[in-house]
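Commentary on secondary and tertiary structure
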Amino acid sequence: MCGIAGFLKFSKNLGDDDLKFYGLNMSKKLIKRGPDSFGVWVDKKIGLSLSHRRLSIIDLSTSGNQPMTSSNRRYVLVYNGEIYNYLEIKKKLNFQHRLLETNSDTAIILEAITQWGLEKSLQIFNGMFAFSLWDKVQKKLFLVRDRLGIKPLFWYFNKNDFAFASELKALKVLPWIKFDLDYESISSFVRLNYIPTPHSIFKKISKIEPGTFLVINQTGKINIREYWSLKRVIINQNKKKSFVNEELIENDLDFSVKTQMRSDVPLGVFLSGGIDSSLIACLAQKNSKKKIQTFTIGFNDTEFDEAIYAKKIANALSTCHHEEYFEYSILKNLINSLGTIYDEPFADSSQLPTLLLSQITKKKVKVALSGDGGDELFGGYYRYFLAERYKKLIYDQPSLFKFIILKLITFIPNKFWNFIGYLVPNQYGGKQFGDKLIKLSNLIINPDETSFHKRIISNVEDPLKYVNSSREKKNNLFNKDIEKLFPNIIERMQLIDTLTYLPDDILTKVDRASMYNSLEVRVPFLDNNVVKNSWRLKLDQKIKKNEGKIILKKILNKHIPEKLFNRPKMGFGIPLDKILTTELNFLIEDLIFSKEVKHQNIFKIAEYREKWKEHISGKRNWQFLLWNFLVFQIWFQDWKNKL
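With respect to the sheet that holds strand E1 (residues 2–9)
The strands that make up a sheet pair up through hydrogen bonds in the backbone, lying either parallel or antiparallel. Spatial ordering of the open sheet is given by E2-E3-E1-E9-E8-E10, a layout of six strands whose pairing is antiparallel. Lying at the two open borders of the sheet, with one neighbouring strand each, are strand E2 (37–43) and strand E10 (205–207). Ignoring strand direction, the axes of neighbouring strands in this sheet form an average angle of 15°. Looking at chain direction, E1 and strand E9 (residues 161–165) are connected through five bridges and run antiparallel. Counted as the bridge partner of Lys9 is Asp161 from E9.

Observations regarding the sheet that holds strand E15 (residues 320–326)
With parallel pairing, five strands are arranged side by side in an open sheet as E15-E14-E13-E16-E17. In this open sheet, the two strands that pair with only one neighbour each are E15 and strand E17 (520–522). With strand direction ignored, the average angle separating the axes of adjacent strands in the sheet is 30°. Alignment of strand E13 (residues 267–270) against strand E16 (residues 367–369), held across three bridges, turns out to be parallel. Paired with Gly268 across the two strands is Ala368, which belongs to E16. Together, strand E14 (293–299) and E15 form the strand contacts of helix H11 (residues 307–317), whose direction differs from that of E15 by roughly 170°.

As for the side chain of Thr296
Mapped onto the secondary structure, Thr296 falls in strand E14. One polar contact links the side chain of Thr296 to the main-chain carbonyl oxygen of Leu271, over a distance of 3.1 Å. Not counting residues within four places of it along the chain, the set of residues in contact with Thr296 comprises Leu271, Ser272, Ala307, Ala310, His321, His322, Glu323, Glu324, Leu357 and Ile360.

Notes on the pairing of E1
Within E1, eight of the eight residues are buried, leaving the element largely enclosed by the surrounding structure. Here E1 shows no split at all, with Cys2, Ile4, Gly6 and Leu8 on one side and Gly3, Ala5, Phe7 and Lys9 on the other all buried. The pairing of E1 with strand E3 (residues 48–54) spans seven bridges and is antiparallel. For Gly3, the partnering residue across the bridge sits in E3 and is Arg53.

About the thresholds
- Residues numbered from 1 in each chain as written.
- Predicted model: local features only at pLDDT ≥ 70, side-chain atom pairs only at ≥ 80, totals over all residues.
- Heavy atoms only, no water.
- Pairing = 2+ DSSP bridges.
- Helix = DSSP H or I, 4+ residues; strand = E, 2+ residues; numbered from the N terminus.
- Axes fitted to C-alpha atoms, helices over the stretch in contact; angles between N-to-C directions.
- Contact = heavy atoms within 4.5 Å.
- Polar contact = N/O pair within 3.5 Å; in protein donor to acceptor, adjacent residues only side chain to side chain.
- Buried < 20%, exposed > 50% of the residue type's maximum accessible area, 1.4 Å probe, protein only.

So this is what it looks like as structure tokens:
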């Protein structure tokens, strides 16, 4: 795992020393992503600088250092990620002397592209990656991102300059780049807690979309092409109606874990005690000749603590288990670092325990396997079950019935509904039951299925009430064409979550938290074959009668007793409501009533003041909206003052 950066000056007005100076300074900003070595490659005639920071995982020798040039001298590569099937690819290549000298997957990438071309090679690569490739013959620069967006890649363009980097902070080194806030992106952030790809927090900076590559020539002409599409994979599968069984999925997962355990440094597994991480740990232990190392964190609050379950599973597998317990007060110490770590506003509160988990894991290993992706591919989110019930109980009902339900929800006080939520089973009620019903009431008056998904994952109904913007960014959550192509509401939600929430929230959260600690995290569920074949399963192999991940539970039960994992999903949460009103009360108050924040003219502060009053009084729970606001302010101050 590494950090990459570079730029093109079309004016070609920089000499070698300046190109190297800026390239080196860009790489310094990415040192957390790659503390082991660095390199810069420049071409004065083109006005090009490519820089790299290395976290050595495969082939620890200097032969794996970058930027790396292909054996025929045509291509120069800076690369972030891992190609897990590099040994299989190496066997298919016509061997060059250089390939016999190195076990680096970077060299394999270069030689594959040399022999087969970029697009054919991308069809073969199985891994997580973001890389930049300079073609000396065609005088073209390529930026490539993996199929599902596991690794990040930002780019900037105006008529005179082009630049790219793994993180935004590296772009700030270049004095000719202007960083103008994009208010439409802020609106999207208020809704989603992240800024959806391809957009960023700044107007002229974008993200390379998953499954695509960008090409820019020396005159500044840009072309963006798609080399892989999940939508296309699913449509082709639906046409063929070729279904798979449990055995194939188990074999795919087993092979994925086995290949992703290839490492020349110590490796471990994140173990939360849930279905996904437990299955990864089981398969990792199966494929290891010695005890694997597993890692979990816990909090001294049984309502949110899954560490006890993780320990039982670790004992059942006889892993070398590491756990640390924390008081929630420690999270306050992490908050002021969020702007630096996440580089643009990002407000999934589980980012805090993810940071702690990355910290303790890095003490023992340099690589960790994670269970991310299992929820999207195999139907683990509560909203999938809720969607089915919503369609049956609300969407398909007569208008009069909907009207009565709406009046009932809005007439009865929210506190009463929250009380009811604690009395009924968690799958129907649970925490903040009243707030969930209010979300439902908004859907009753706007009942189409696309609105259901958009609302259920949103902080607020209309973010424009909170931001001084006239619009928000459009993405697949707003795409009515997807509804036509994929009529089943659950499968459509799985698809959209995989295209949006997975790369922009889940994978972003883990990438930034782990790389801040110079830890590489791999995601076996996002192996090419696992992804493809998960969509060849019948829906009832994933979700049936309000139960998800059915096939994963069957596979897991072959390794450990069902009683160890079959329980309600908890997630990697924290008592955010409690933390905001205790540990962070003063900070929230200070920001919401600050003249400086008001003078930013970004947010409609009166709305936040009203929501804060409702929150501390207990009238409504606005924890996610308030956390979102707090995180933005921390990022904003960091960006102006520190980065």
